[in-house]
Amino acid sequence: MMTMRAMGIADDTGALAPCDVPKPTKVNSEVLVRVVAAGVNPIDSKTRAGRGLTPAITSWPAVLGFDFSGVVVESPYEAHPLKPGTEVFGMTAFPRSCGSYAEYVSVSTLSVARKPRSLSHLEAAAVPLAALTAWGMVVDIAKAHEGQRVLIHAGSGGVGHFAVQFAAYFGAHVIATGSTRNVGWLPELGAAQVIDHTQARFEDEAGTVDVVIDLVGNVHDDTGTRSLSVLRPGGLLINAPTGSWPTVLDDAIEAGVRATTYKVAPDGQALNVICRLLDSGDIHVNVDRVFELVDAAAAHTLLDEGHTRGKIVLRVTDE
Ligand SMILES: NC(=O)c1ccc[n+]([C@@H]2O[C@H](COP(=O)([O-])OP(=O)(O)OC[C@H]3O[C@@H](n4cnc5c(N)ncnc54)[C@H](OP(=O)(O)O)[C@@H]3O)[C@@H](O)[C@H]2O)c1
């Protein structure tokens, strides 16, 4: 059996270590991709620590990772447009299949798109999960538009920096929270108002809003619960750290507002649209730090500090 180099967790004790695992076999309409870079997301870290998706893992070692950018090495069939050599980016189906902290992934063609021409693989790997989450919350659900007032918590993080840009692109009035070092950066992304969450309570500064994009939940300072008070009657809160606030729906009803949780899914078509916005320069991706694949544990340590500006990426092979 052919094997490949990867970073995985040997069991559910939380240690991320190099491992050799079977190289995936492409089936049916999948593409086999040689991974050049892999993005790091909080869900990877939560799973490594025994939370997140750990209960769904059925075999060990488990290779983590959703985001990848790389090169097609096997297409579904000869005439398929994603020919060998095509540069693509996308999301894996972890934990149903091997993750992207590995030399190869085999994924549905519906989960990938051509890599933005203007981005390196290291930049492109930072995009899929975070940008698709932001797109789902801001565009698909909130339907961002001119005149809409949107409060975005954690506007400088992986999801947040895309959410701020998408909401501003569609004309919304964006109010973003971030810490002191990001107060100057968030307006560059399109925030009309920035609230330094280390200096002020956002309820005192935000005014009334139509939508809250909640990327903090009740992980810190009851941010989610407190957000209900800034929504207009009937306004909408969309919560991403779903495990942190199990009573979100009941709490919203009691406050006279609407709420929904959100779960991202691989979506090649939406990635194609996001790709065009990246190549046109209308939105940008910010890569905060790049680590070598073998240093994935250090990448998780940095992510766990909770102050990433944009994204952390792993270099898997040379471009
Ligand atoms: N349900 C889903 O499908 C889904 C998808 C993606 C992500 N998520 C979840 O959504 C959350 C955000 O994900 P992410 O990838 O954006 O995480 P991330 O990149 O690690 O977010 C870090 C950001 O959080 C900000 N932050 C920390 N404490 C804050 C506070 N009290 N108020 C405002 N901002 C604060 C930091 O900004 P400062 O340094 O400026 O404080 C930092 O920029 C995570 O819990 C993740 O698991 C869920």
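Since we're looking at a predicted model, the values are computed, not measured.

Chemist: Could you clarify how one ought to interpret the nonpolar core in this entry?
Modeler: Nonpolar side chains in soluble globular proteins generally cluster together in the buried interior. In this structure, Tyr-101, Val-127 and Phe-166 are the most contacted members of the largest nonpolar core, which totals 88 residues. Broken down by element, this core gets its largest block of residues, nine residues, from helix α3 (residues 128–141). Shared between two domains, this core holds at least three residues of each, these being domain 1 (3–127 + 285–315) and domain 2 (130–261). Listed in part, the 16 residues of the second largest apolar core include Phe-202, Val-209, Val-212 and Val-257.

Chemist: Sorry if this is basic, but what is going on with the sheet that holds strand β1 (residues 3–9) here?
Modeler: In sheet architecture, strand pairing relies on hydrogen bonds along the backbone and comes in two forms, parallel and antiparallel. An order of β2-β1-β4 is seen for the three strands of this open sheet, with the pairing classed as antiparallel. One side of each edge strand has no neighbouring strand; the edge strands of this open sheet are β2 (16–22) and β4 (62–63). Sheet topology places β1 next to β4; two bridges connect them, and they run antiparallel. Among the inter-strand pairings, Ile-9 is bridged to a residue of β4, identified as Ala-62.

Chemist: Could you clarify how one ought to interpret helix α4 (residues 158–169) in this entry?
Modeler: Counting along an α-helix, one turn takes 3.6 residues, and residues three or four places apart therefore face a common direction. Under the 1.5 Å per step criterion, the end-to-end length of α4 is 17 Å for 12 residues, consistent within 8% with the ideal 16 Å. If you check which residues of α4 are buried, you get Gly-158, Val-159, Gly-160, His-161, Phe-162, Ala-163, Val-164, Gln-165, Phe-166 and Ala-167. Structurally, α4 contributes buried residues whose contacts are with α3, β9 (149–152), β10 (173–178), α5 (186–189), α9 (268–279) and β16 (311–315).

Chemist: What is the right way to look at the pairing of β9 in this model?
Modeler: In regular strands, side chains alternate between the two faces of the sheet. Bridge count between β9 and β10: four bridges; the pairing is parallel. Directly across from Val-150, in β10, lies its bridge partner Val-174. Read from β9 through α4 to β10, the crossover connection turns out right-handed. Direction of pairing for β9 relative to strand β12 (residues 209–214): parallel, over a ladder of three bridges. Paired with Ile-152 across the two strands is Ile-213, which belongs to β12.

Chemist: Before we go on, may I ask you to explain the side chain of Thr-109 in this structure?
Modeler: Along the polypeptide, Thr-109 turns up in the loop between β7 (104–108) and β8 (112–114). Sequence-distant contacts of Thr-109, that is, excluding residues within four places in its chain, are made with Ser-29, Glu-30, Val-31, Pro-76, His-80 and Leu-82.

Chemist: Help me out: how do you make sense of the sheet that holds strand β14 (residues 258–261) in this one?
Modeler: With respect to topology, six strands assemble into an open sheet ordered β11-β10-β9-β12-β13-β14, the strand pairing being parallel. For this open sheet the edge positions go to β11 (193–196) and β14, each flanked by a neighbour on one side alone. Going across the sheet, the axis of each strand differs from the next one's by a mean of 15°, ignoring polarity. Bridge count for strand β13 (residues 231–239) against β14 is four bridges, and the pairing is parallel. What sits directly across from Ile-238, in β14, is Thr-260. The sheet strands contacting helix α8 (residues 248–255) are β13 and β14, and the helix crosses β14 at an angle near 170°.

Chemist: Would you explain the pairing of β12 in this entry?
Modeler: Within β12, six of the six residues are buried, which leaves it mostly tucked inside the rest of the structure. Bridge count between β12 and β13: five bridges; the pairing is parallel. Each bridged residue has a counterpart across the sheet, and for Ile-213 the counterpart in β13 is Ile-238.

Chemist: Is there a simple way to explain the pattern of salt bridges in this structure?
Modeler: It is possible for side chains of opposite charge to pair when their charged atoms get near one another. Taken as a whole and assessed by the stated rule, the structure comprises six salt bridges. For Lys-115, the salt bridge goes to Glu-87, with nearest N and O atoms at 3.8 Å. Here Glu-87 lies in strand β6 (residues 87–91) and Lys-115 lies in the loop between β8 and α2 (121–124), a separation of 28 residues in the sequence. Note that Glu-203 is salt-bridged to Arg-226, the shortest N-O span being 2.8 Å. Linking Glu-203 in helix α6 (residues 202–205) with Arg-226 in helix α7 (residues 223–227), this pair joins segments that are 23 residues apart in sequence. Three or more residues are tied together by salt bridges with common partners; here these are Arg-201, Glu-203 and Arg-226.

Definitions and cut-offs
- Residues numbered from 1 in each chain as written.
- Predicted model: local features only at pLDDT ≥ 70, side-chain atom pairs only at ≥ 80, totals over all residues.
- Heavy atoms only, no water.
- Core = buried A, V, L, I, M, F, W, Y, C linked by side-chain atoms within 4.5 Å.
- Buried < 20%, exposed > 50% of the residue type's maximum accessible area, 1.4 Å probe, protein only.
- Helix = DSSP H or I, 4+ residues; strand = E, 2+ residues; numbered from the N terminus.
- Domains from an automatic or database assignment.
- Pairing = 2+ DSSP bridges.
- Expected span 1.5 Å × (residues − 1).
- Contact = heavy atoms within 4.5 Å.
- Right-handed = clockwise from strand over helix to strand, strands pointing away.
- Axes fitted to C-alpha atoms, helices over the stretch in contact; angles between N-to-C directions.
- Salt bridge = Lys/Arg side-chain N within 4 Å of Asp/Glu carboxyl O.

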